[in-house]
Amino acid sequence: MKSSLFEFYSPLKIVSGRGALENTGFELEQQGCSRPMLLSEPGIVSAGLVKKFKSAFRDGRFELAAEYYDIPQDSALDVVNKIAALFREKSCDSLIALGGGSVIDTAKGVNILLSEGAEDIASLMGAELLKKPMKPLIAIPTTAGTGSEATLVAVIADRERQIKMPFTSYRLIPDVAILDPRMTMSLPPPLTAITGMDALTHAIEAYTCLQKNPVSDAFAFQAVKMISQALPQIVSDGENEVLRMTMANAALMAGIAFSNSMVGIVHSMGHATGSVAGVPHGLAMSILLPYGMEYNFDFSKEHYAELLLPLGGAERYAATPPEERAGEAIAVVYELRQTLHNKTGMVLNLKDAGVAEAQLAEIAKKSLNDGSLIFNPREAHEAAILNLLRQAW
Amino acid sequence: MKGFYLDTIFFFLGRGLQYLSRYDPVVRREIAAWPEGFTFSFYVSPKGPALHMLKENKRLRFKGLDWHDSDLIIFFKHQEAAFQVFSMQLPFYTAYARHLASVKGDPGNAMIIYRLFNRLQTLMLPRFIARRILKTVSPLAKKDWLLRLGLYFSGLLFG
């Protein structure tokens, strides 16, 4: 029997825990930088997080050379162009991305422009095409969900051409991720719930999709365990710093896992649901995850059975006969969603998330062309996806 | 030898796709999303061979085995990777998951190409071989058997 080839790459330095923010200046210095540009978005500014960051950052080493806080919900090309111009104008030498997935993805987009010097970054769309070294990038996530601080993916929207451009390259992985509880402490329970479910989906799909490998499995398995334990508690105990850090670390680990193993049908449907009906990504993941797991059941049974241990805990695992463990793992996911619904009001179906029944066909069609689908263990045709979406509606 | 094999199989695949884009409603529906003049290629790094296709008059045209820049390119990292895929030893999705192949261009278009080749291989290959390289092999309908005969007796050679 031949062994399977796999690749794993994660050059990320992780600085995690209370006081991590204060290390930002030192980390920039380690990268040989002294003129950083800070990127964030209006919601982060109004939540006071930029202010908190700045007060931790001022340690006498150097000042911010430029700041940009107008990043929209979806990372957009026109904004990326504007930031790159400002970066050059102010002779910056590095980027600090303070925010959620959109801010970090924007920073990655800016980095592509700055490093590759391409006139049209659409020409670099695809996988493993970026060849030139990037500017040092420090990511400071303010949610525990997307894992963008650890991944090789960036999605930039071109609003003029009405397309979303995905870029995948090992060069896009940030240099340093700084996880500090002060950055996620104020996240409200509903947002904590859906971003946490996003991270759980990353971990579960990473553990079960076709690019899985023993190293990504280790990250995914541990992330599932940490999220399953912390998420139901944190939504009613948001000030708990230990739980906040558990979620932040788990989201990062799930990010490392899926950056190396990719994701499957839940993400294919989730991306399309966001694009057609504007459903936030984390919410789409929360709704679609168990349906995607059921769809893959016969193809991923063994992996789901293994996941019952981190999902349900040792006692439940031991009390469940081996042949029932896979199904039980899916039952735990349903229970977790119900708990989050009860505690935060998180919606459980696409209808309540604002998706019209008439939109389901378009979502199914779009899901088919999502790049994640190739990594799904089971082939999915349009009719099968539509059927799943109807169940989730 | 492997280079010669890839040249040959690319020729048959190119002609086969050209044929299906004329007669198979499934393939015609898939390529309808592409604008006229859309091009795609398979390319085996670092020096070829390549398979170059063009959409023209609502159909696909096999443009030959020479390298051309295209709207969508699926690269194989080396000849061995392409050989394993096109000698039906390794499913394309596995090669992609193992980073033996990558994509330049919109991954959405790559997914269309993935389905086109799945369709071609379903029609072209005996079921016991197709099952080794495709996630699922749908049973052939009556019309599909006619397409298969067309492929064998005309399509794969003349397009």
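Structure shown above.
What counts as what
- Residues numbered from 1 in each chain as written.
- Chains lettered and ligands numbered in written order.
- Predicted model: local features only at pLDDT ≥ 70, side-chain atom pairs only at ≥ 80, totals over all residues.
- Heavy atoms only, no water.
- Helix = DSSP H or I, 4+ residues; strand = E, 2+ residues; numbered from the N terminus.
- Rg over C-alpha atoms; globule rule 2.2 N^0.38 Å.
- Buried < 20%, exposed > 50% of the residue type's maximum accessible area, 1.4 Å probe, protein only.
- Areas by Shrake-Rupley, 256 points an atom, 1.4 Å probe, with all protein chains shown as cover.
- Contact = heavy atoms within 4.5 Å.
- Lys, Arg positive; Asp, Glu negative; His and termini not counted.
- Charge placed at Lys NZ, Arg CZ, Asp CG, Glu CD.
- Pairing = 2+ DSSP bridges.
- Axes fitted to C-alpha atoms, helices over the stretch in contact; angles between N-to-C directions.
- Core = buried A, V, L, I, M, F, W, Y, C linked by side-chain atoms within 4.5 Å.
- Disulfide = S-S within 2.5 Å.
- 1 Å grid on protein atoms, 1.4 Å probe; cavity = no way out; pocket = protein on both sides within 12 Å on 5 of 7 lines; lining within 4 Å.
- Points joined across faces, edges and corners; volume = space filled by probe spheres on them.
- Nonpolar A, V, L, I, M, F, W, Y, C, P; charged D, E, K, R; others polar.
- Buried area = accessible area lost by both parts, 1.4 Å probe.
- Salt bridge = Lys/Arg side-chain N within 4 Å of Asp/Glu carboxyl O.
- Arc of directions from axis to C-beta.
- Phe/Tyr/Trp six-rings, centres within 6.5 Å; stacked < 30°, edge-to-face > 60°.

Caption draft 1: Structural detail: the overall build of chain A. Each helix and strand counted, chain A has 16 helices and nine strands in total. Here the C-alpha atoms of chain A give a radius of gyration of 20 Å, agreeing with the 21 Å that 2.2 N^0.38 yields for 393 residues. Across the 393 residues of chain A, 59% fall into the buried class. When the accessible surface of chain A is split by element, carbon and sulfur atoms take 51% of a total near 15100 Å².

Caption draft 2: The arrangement of the overall build of chain B in detail. Secondary structure summary: chain B contains seven helices and five strands in total. Against the compact-globule benchmark of 15 Å for 159 residues, chain B has a radius of gyration of 14 Å, which places it among compact chains. The principal-axis extent of the C-alpha atoms belonging to chain B is close to 40 × 35 × 30 Å. In chain B, the proportion of contacts linking residues at least 24 apart, taken out of those at least 6 apart, comes to 65%. On chain B, roughly 7300 Å² of surface is accessible, and the fraction owed to carbon and sulfur atoms is 58%. The average position of the 23 basic charges and that of the 11 acidic charges among the side chains of chain B differ by 8 Å.

Caption draft 3: Focus on the sheet that holds strand 3 (residues 66–68) of chain A. Residue and element names in this part refer to chain A. Reading across the sheet, the six strands line up as 1-9-6-4-2-3 and stay open at both edges, with parallel pairing between neighbours. Where the open sheet ends on each side, the last strands, each with one partner, are strand 1 (13–16) and strand 3. Taking each pair of neighbouring strands and ignoring which way they run, the sheet shows an average axis angle of 15 degrees. Helix-sheet contacts for helix 3 (residues 49–57) involve strand 2 (36–39), strand 3, strand 4 (94–99) and strand 6 (137–141), and the interaxial angle to strand 4 is about 135 degrees. Against the sheet, helix 5 (residues 101–116) touches strand 2, strand 4 and strand 6, its axis set at about 160 degrees to strand 4.

Caption draft 4: Structural context of the nonpolar core. If you look at the biggest cluster of nonpolar residues, it comprises 129 residues, and the most contacted ones within it are Ile204 of chain A together with Phe40, Phe76 and Phe86 of chain B. No other element matches helix 5 (residues 107–124) of chain B, which puts 10 residues into this core. Beyond its immediate sequence surroundings of up to four residues, Phe76 of chain B is in contact with Phe42, Tyr43, Val44, Ser45, Ala81, Ala82, Val85, Phe86, Phe92, Leu100 and Ala101 of chain B. Listed in part, the 38 residues of the second largest apolar core include Ala65, Tyr68, Ile71 and Leu77 of chain A.

Caption draft 5: Quick look at the state of the cysteines. Per the counting criterion, the structure on display carries zero disulfides over all chains. Here Cys33 of chain A stays unpaired: no disulfide links it, and the sulfur of Cys92 of chain A, its closest cysteine neighbor, is 11 Å away.

Caption draft 6: Region of interest: the layout of surface pockets. Looking at the second largest pocket, its volume works out to about 380 Å³. Looking at the second largest pocket, it is lined by 20 residues, and the ones nearest its centre are Ser4, Leu210 and Lys212 of chain A together with Thr94 and Arg98 of chain B. In terms of residue count, helix 4 (residues 92–97) of chain B provides more of the lining of the second largest pocket than any other element does, three residues in total. Grouping the amino acids of the lining of the second largest pocket by side-chain chemistry returns nine nonpolar, six polar and five charged.

Caption draft 7: Highlighting the interface of chain A and chain B. Taken together, the contact pairs 25 residues of chain A with 23 residues of chain B. Taking both partners together, chain A and chain B bury about 2200 Å²; carbon and sulfur atoms supply 57% of that area. Of all residues in chain A, Asn369, Ile374 and Glu379 of chain A bury the most surface against chain B, accounting for 28% of the area lost on that side. Counting across the interface, chain A meets chain B through two salt bridges. Across the pair Lys77 of chain B and Glu128 of chain A runs a salt bridge, and its minimum N-O distance is 3.7 Å.

Caption draft 8: A look at helix 16 (residues 382–392) of chain A. Residues and elements named next belong to chain A. All of the buried residues in helix 16 are Ile385, Leu386, Leu388, Leu389 and Ala392. Across the axial projection of helix 16, the buried residues extend over an arc of 160 degrees, all falling on one side. If you follow the buried residues of helix 16, they end up packed against helix 10 (265–277), helix 11 (281–295) and helix 15 (360–368).

Caption draft 9: A look at the packing of aromatic side chains. All names here are of chain B. Following the criterion strictly, the structure yields 24 aromatic pairs over all chains and no others. Centre to centre, the rings of Phe42 and Phe76 are 6.0 Å apart; their planes meet at 40 degrees, and the pair counts as tilted. Of the two residues, Phe42 sits in strand 1 (residues 39–44) while Phe76 sits in strand 4 (residues 72–76), which places them 34 residues apart along the sequence. The residues Phe42 and Phe76 share a single accessibility class, namely buried.

Caption draft 10: Main features of empty space enclosed by the protein. All names here are of chain B. One pass over the structure, following the stated rule, counts five cavities of 30 Å³ or more. The computed volume of the largest cavity comes to approximately 160 Å³. For the largest cavity, the lining is made up of 16 residues, of which Phe42, Val85, Phe92, Phe117 and Gln121 are closest to its centre. For the lining of the largest cavity, the elements supplying multiple residues, two or more each, are strand 4, helix 3 (79–86), helix 4 and helix 5. Top contributing element to the lining of the largest cavity by residue count: helix 5, with five residues. Its residues assigned to classes, the lining of the largest cavity shows 14 nonpolar, two polar and no charged. Approximately 80 Å³ is the volume attributed to the second largest cavity. Those elements that place two or more of their residues in the lining of the second largest cavity are helix 4 and helix 5. Classifying every residue of the lining of the second largest cavity by side-chain character gives nine nonpolar, one polar and no charged.

Keep in mind that these numbers describe shape and distance, not what the molecule does.
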